[in-house]
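# Structure assessment
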Amino acid sequence: MMLVLARRILFAALAIAALAAMPARADEAPDAMVKRVSQDVQATIRSDPLIQSGDQARIRDLIEVKLVPNFDFTRMTALAMGRNWRSATPEQQKRLADEFRALLVRTYAGALNQYREQTLEFKPLKMNPGDTEVTVRTQVTKTSGSPVQIDYSMEKLPDGWKAYDVIVAGVSLVTNYRDEFNEQIRNGGIDGLIRTLADRNKGAPAK
Amino acid sequence: MRPRAVRMLPIAAALAAALFLGGCAATRSKVDPLEPMNRAMFEVNDVVDGNIVKPIAELYVEAVPQLVRTGVTNVFNNIDDFFSGINGLLQGKTEKAGNDFGRVLLNTFCVLGLFDVASDLGIERGNEDFGQTFAVWGFPQGPYLFVPLFGPTTVRDGSGVLVRVAVGPVGFIPYVPLRNSIYGLGYVDLRAQALGAGEVVSTGALDRYLFIRNAYLQRRRYLVYDGNPPPAIEELEEQE
């Protein structure tokens, strides 16, 4: 059971990978944006032998340039923190969002290469005109194995649609961190959580 | 009759109070009241898995071609699809069950279950199991459990797995060495599929135990609700 689950977690990488960027158009529909970004990332991976050979610096570069601009990391961090978010100072909030972003980039850089041979299908978008929050539902099919559902929670900001959560086979990448964040805050306060995140980003092993 | 009922009252009240207080005190660890024991088991699992199971799975991936490994996975999935169909019926999901039985017929008779032609034709797997059936029937989830060499589960899901093992079909193979070999192959097949994900958890988690627990429980909830779970309480608070 765990093993099946663990395999699903791998798809998280693919999900993050599916959101790469070209200059966003303000009137672009959210599902069109996911499609454009994911095709762009796939094309980049296919055309770059260094990325294919697992060059980590290069992969992180790709993520920073093409993916990161399409996420709202402040909202992601707030979601992962739950009610603790409001008790953090603006300065702490900024550090938390920066460290959480770095952790997610690091985590999914390792698995990005597997994204190359995926096909992405889109389910019909349920959206009313004027909606500023929407879930884009996709299904990723690998050359072998069962397809995996990947949903993106998206919000409309002045500079276009941004993702604030990715739900892989039912597992939210963001709220999955909530208990871990709570535990750190219980033990060492908000600064304790910042420290732990920073340590992990410098390569300290997970508990 | 009446005096007796009256005598019972304080007991009932005490029970209710105990349940209520217990419920309040336990809100945090309600899903995982056995956390200390589970964490110990998690560490045992790390040692055994890291030294024995994972190396075997890695060897399997190195030595056996992808095509063969996919075939092995498909054969086991084909058996699971049959039981997914049974569980679809037990939950009254006839359409899903129909898909599963259709998949089994197609995959078994076309290609002996070695290829998943049904998926290629767009017939989706039902992904039902006994744990989900118990959930739909209203059985409580029970405490979360971490079992070495098996992984995360709950009392309800674990009971489902025991039922699944009991109904077979591998358990009915009379020749014990063959039976055990098939169990072993199924196990290594699953572990091999999870190799990449272990890396992701090791890099991404602050506390791997909690990361895996949450991912497991979210995933099960999603399956029980067939992919459309209602928002969790904490998400509702978020939107207030």
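Residues numbered from 1 in each chain as written. Chains lettered and ligands numbered in written order. Predicted model: local features only at pLDDT ≥ 70, side-chain atom pairs only at ≥ 80, totals over all residues. Heavy atoms only, no water.

Right, let's talk about the overall build of chain A for a bit. Looking only at helices and strands, chain A features seven helices and five strands. Reading the secondary structure of chain A in the N-to-C direction produces α-α-α-α-α-α-β-β-β-β-β-α. Across the 207 residues in chain A, those meeting the buried criterion constitute 58%. Long-range pairs, those at least 24 residues apart, make up 59% of the contacts in chain A between residues at least 6 apart in sequence. For chain A, the exposed surface amounts to about 8900 Å²; the carbon and sulfur share of it is 51%. (Helix = DSSP H or I, 4+ residues; strand = E, 2+ residues; numbered from the N terminus. Buried < 20%, exposed > 50% of the residue type's maximum accessible area, 1.4 Å probe, protein only. Contact = heavy atoms within 4.5 Å. Areas by Shrake-Rupley, 256 points an atom, 1.4 Å probe, with all protein chains shown as cover.)

Moving on to the packing of helix H7 (residues 178–201) of chain A against helix H10 (residues 208–224) of chain B. Look at H7 of chain A against H10 of chain B: their axes get within 8 Å of each other, and the N-to-C directions meet at 145°. Contacts between H7 of chain A and H10 of chain B involve Asp179, Glu180 and Glu183 of chain A on the former and, on the latter, Leu210, Phe211, Arg213 and Asn214 of chain B. A breakdown of the residues in the contact of H7 of chain A with H10 of chain B according to their chemical character gives two nonpolar, one polar and four charged. (Axes fitted to C-alpha atoms, helices over the stretch in contact; angles between N-to-C directions. Nonpolar A, V, L, I, M, F, W, Y, C, P; charged D, E, K, R; others polar.)

Before going further, it helps to examine the nonpolar core. Within the largest apolar cluster, 62 residues are counted, with the highest numbers of intra-cluster contacts made by Met76, Leu96, Phe100, Met154, Tyr177, Phe181 and Leu193 of chain A. The leading source of residues in this core is helix H6 (residues 90–109) of chain A, at seven residues. Other than its neighbours up to four places away in sequence, Phe181 of chain A contacts Ala80, Met81, Phe100, Leu193 and Leu197 of chain A together with Leu206 of chain B. Residues Ala57, Tyr60, Val188 and Leu195 of chain B belong to the second largest nonpolar core, which totals six residues. (Core = buried A, V, L, I, M, F, W, Y, C linked by side-chain atoms within 4.5 Å.)

With that settled, consider the environment of Gly85 of chain B. All names here are of chain B. As for its placement among the helices and strands, Gly85 is situated in helix H3 (residues 66–90). When its relative accessible area of 0% is taken as the criterion, Gly85 is described as buried. Along the backbone, Gly85 and Asn127 are 42 residues apart, and their C-alpha atoms lie at a distance of 8.7 Å. Setting aside its immediate chain neighbours within four residues, Gly85 contacts Ala97, Asp100 and Phe101.

With 18 residues, helix H2 (residues 30–47) of chain A ought to run about 26 Å at 1.5 Å a step, and its terminal C-alpha atoms sit 26 Å apart, in line with that. Restricting attention to buried positions, one finds in H2 of chain A the residues Pro30, Met33, Val34, Arg36, Val37, Ser38, Asp40, Val41, Gln42, Thr44 and Ile45 of chain A. (Expected span 1.5 Å × (residues − 1).)

For the pair H6 of chain A and helix H9 (residues 195–204) of chain B, interaxial distance at closest approach is 9 Å and the crossing angle is 160°. One finds that H6 of chain A runs roughly antiparallel with respect to H9 of chain B. The way H6 of chain A lies across H9 of chain B gives a crossing that is right-handed. The residues of H9 of chain B that touch H6 of chain A, namely those facing Leu103, Arg106, Thr107 and Tyr108 of chain A, are Val200, Thr203 and Gly204 of chain B. In terms of residue class, the contact of H6 of chain A with H9 of chain B is built from three nonpolar, three polar and one charged. (Parallel < 35°, antiparallel > 145°, perpendicular 65-115°, else oblique. Left-handed = near helix turned anticlockwise from the far one by under 90°.)

With that settled, the discussion passes to the pattern of salt bridges. Under the counting rule described, the total for this entry stands at 29 salt bridges over all chains. Put simply, Arg101 of chain A and Glu64 of chain A hold a salt bridge, and the shortest N to O gap is 3.4 Å. A residue pair is termed long-range when its members are at least 10 positions apart, and Arg101 of chain A in helix H6 and Glu64 of chain A in helix H4 (residues 56–67) qualify at 37 residues. Note on Arg101 of chain A: relative accessible area 27%, which makes it partly exposed. Under the relative-accessibility criterion, Glu64 of chain A is labelled partly exposed at 32%. One salt bridge connects Arg125 of chain B with Asp81 of chain B, and the closest N-O pair in it is separated by 2.8 Å. Placement of Arg125 of chain B in the loop between helix H5 (117–120) and helix H6 (130–136) and of Asp81 of chain B in helix H3 is noted, with a sequence separation of 44 residues between them. Both residues of the pair, Arg125 of chain B and Asp81 of chain B, count as buried. Where salt bridges share partners, they join Asp179 and Glu183 of chain A together with Asp32, Glu35, Arg39, Asp207 and Arg213 of chain B into one cluster. (Salt bridge = Lys/Arg side-chain N within 4 Å of Asp/Glu carboxyl O.)

Residues and elements named next belong to chain A. With antiparallel pairing, five strands are arranged side by side in an open sheet as S1-S2-S3-S4-S5. If you trace the sheet from one side to the other, it starts and ends with strand S1 (119–122) and strand S5 (171–172), each paired once. Of the pairings in the sheet, the one linking strand S3 (residues 148–157) to strand S4 (residues 160–168) comprises eight bridges and is antiparallel in character. Following the sheet pairing, Met154 is matched in S4 by Ala163. (Pairing = 2+ DSSP bridges.)

Turning our attention to the packing of aromatic side chains. Tallied over the entire structure, the rule returns 14 aromatic pairs over all chains. Relative to Tyr177 of chain A, the ring of Phe100 of chain A has its centre 5.1 Å away and its plane inclined at 85°; by these criteria the two rings are edge-to-face. One end of the pair, Phe100 of chain A, is in helix H6; the other, Tyr177 of chain A, is in the loop between S5 and H7, and 77 residues separate them in sequence. Take Phe100 of chain A: its relative accessible area is 0%, and that puts it in the buried class. Residue Tyr177 of chain A is classed as buried on the basis of its relative accessible area of 1%. With a centroid separation of 5.3 Å and 20° between ring planes, the pair formed by Phe134 of chain B and Phe139 of chain B is classed as stacked. Among the residues examined, Phe139 of chain B registers a relative accessible area of 41% and is labelled partly exposed. Linked through ring pairs, Phe42, Tyr144, Phe146, Tyr209 and Tyr216 of chain B together constitute an aromatic cluster. The ring of Tyr164 of chain A has Arg75 of chain A lying over it, and the distance from NZ or CZ to the ring centre is 3.5 Å. (Phe/Tyr/Trp six-rings, centres within 6.5 Å; stacked < 30°, edge-to-face > 60°. Lys NZ or Arg CZ within 6 Å of the ring centre and 35° of its normal.)

Everything listed is a geometric property; what it means functionally is a separate question.
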